[in-house]
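Observations on chain architecture
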Amino acid sequence: MTQITSTVDFNAPGKQIGWLRVPHSVTRSAYGVIPIPIAVLNNGPGPQILLIAGTHGDEYEGQVVLTRLIQKLRAEDMRGRLIVIPSLNTPAAMAGTRTSPLDDGNLNRAFPGDPDGGPTWKIADYLQNHLVPMVDVVADFHCGGSSLAYRPHASTHFSADAPPELKQRSLDAVKALGLRHVMIFEIPGSSGGGMSTATRRHGKIYLNGEYGGTGALTPDGITLVDGAVRRLLAFFGAIDSELPVLPPPQALRVFGPRAYVYAPDAGVFVPATRLGDTVDEGDICGELVFPENPGRDPIVLRFEGPGDVVCQRHPARVERGDCVAHLARAVET
């Protein structure tokens, strides 16, 4: 049983803005709570949609777009029920960090959660067992955060044994979001700690994506997320939209562990490619140099398979084990 309480009535008509209250008893505040902002818009029959940002606190495009959506959208301008949480891991969002400063929890690795665990695990449990069952569609907006830069893409995740109609609806939805590239994740079973674990276990459509990165905001990134949100709501029939028709996107998959390149030691990573470059197995990804030890030869890092560079390390200084790049390959859908 969850310990989280809500100040909003999920079934009441109209628009409400309130809080999810996560109990957090500490020396400073014995009966304290962490307030997680939430908005609910209800207007009769229609799609049931949950929009989320701030799962990682240092990823800002979705947080900005969903905050503005709450401020501007009226219940009478839509159909169905829309639940919007602009900073799901609020402690991390307020700290500007990927993980929560309260329990070091990475919310997108904490599912299925624990109602008696730390704040991050309480939030994951509430999402999986209380919010996801209310809706048909969950959309979670990400970017690379402080440590990565992404070529923007939308994504969908579903179980390998999901019903064909769920797979097809998920593919149709992700292709409708207006991104030039979409990533497809077909996952065995319902295991894993990501948010898609919750949606796969309940048989819901799950849309994700990486819309930028580097812990910064750009007008282009905000425009991409804003367009994706509006197209998502229009695709499922929550709003009417006259957005222009765009060419079909390219579909890609991450092809396994060999898609990733990791730093073998601490140093400064000098990339040899740009986001969007197409590379072959053995091509140079970059090199590690050691300004603190200039007599040491650089270490050349190479790609272990062919594909497109969709993600790169953002801070140049790395530690051993840091991901410095990863690839994806085009697929037919």
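All residue numbers refer to positions counted from 1 along the written sequence of the respective chain. Only residues with pLDDT of 70 or above have their local features reported here, since the model is predicted, and side-chain atom pairs are shown and tallied only from 80 upward, although totals for entire chains, interfaces and linings are computed over all residues. Side-chain measures here rest on the full set of heavy atoms in the structure, leaving out hydrogens and waters.

Below, the discussion takes up the overall build of the protein. Only DSSP runs of H or I with at least four residues qualify as helices, and only runs of E with at least two residues qualify as strands; both kinds are numbered from the N terminus onward. Helix and strand counts for the protein stand at six helices and 19 strands. Radius of gyration: over C-alpha atoms. The globule rule applied is 2.2 Å multiplied by the number of residues raised to the 0.38 power. In terms of C-alpha radius of gyration, the protein reaches 20 Å, essentially the compact-globule figure of 20 Å for 333 residues. Reported as C-alpha extents along the three principal axes, the dimensions of the protein are approximately 65 × 55 × 40 Å. Long-range contacts, defined here as pairs at least 24 residues apart, represent 69% of the contacts in the protein between residues at least 6 apart. Values of accessible area rely on a 1.4 Å probe in the Shrake-Rupley scheme; residue burial ignores everything except the protein chains shown. Split by element, the accessible area of the protein, about 14,800 Å² in all, is 52% carbon and sulfur. The charged-residue count follows a simple rule in which Lys and Arg add positive charge and Asp and Glu add negative charge, with His and chain termini not counted at all. To locate a charge, take NZ of a lysine, CZ of an arginine, CG of an aspartate or CD of a glutamate. In the protein, 30 positive and 35 negative side-chain charges are present, and the distance between their average locations comes to 3 Å. Any pair of residues with heavy atoms lying within 4.5 Å of one another is described as a contacting pair.

Criterion used throughout: strands pair if DSSP finds at least two bridges between them. Taken in spatial order, the four strands of this open sheet run β16-β15-β13-β18, and their pairing is antiparallel. Edge positions in the open sheet fall to β16 (299-302) and β18 (317-318), since each of these has one partner strand only.

Here we come to helix α3 (residues 119-131). The buried fraction of α3 is high, at 10 of 13 residues. Those residues of α3 not exposed but buried are P119, T120, K122, I123, A124, D125, Y126, L127, Q128 and L131. Residues of α3 that are buried in the fold lie against β1 (5-6), β2 (14-23), β3 (33-43), β4 (48-53), β5 (80-85) and α5 (195-202). Each residue is assigned to one of three classes by its accessible area relative to the maximum for its type, calculated with a 1.4 Å probe on protein chains only: buried under 20%, partly exposed between the two thresholds, exposed over 50%.

Right, let's talk about the packing of aromatic side chains for a bit. For Phe, Tyr and Trp, rings pair up if their centres lie within 6.5 Å, where Trp contributes its six-membered ring, and each pair is then called stacked (planes under 30 degrees apart), edge-to-face (over 60) or tilted (otherwise). If you walk through the whole model with that rule in mind, you get three aromatic pairs. Summarising the aromatic geometry, the rings of F141 and Y211 are spaced 5.7 Å apart at their centres and angled 50° between planes, so their arrangement reads as tilted. Remark: Y211 occurs in the loop between β10 (205-210) and α6 (219-235) and F141 occurs in strand β6 (residues 137-141); sequence separation between them is 70 residues. Y211 matches F141 in its accessibility class, with the two residues each being buried. Centre to centre, the rings of F235 and F236 are 4.9 Å apart; their planes meet at 85°, and the pair counts as edge-to-face.

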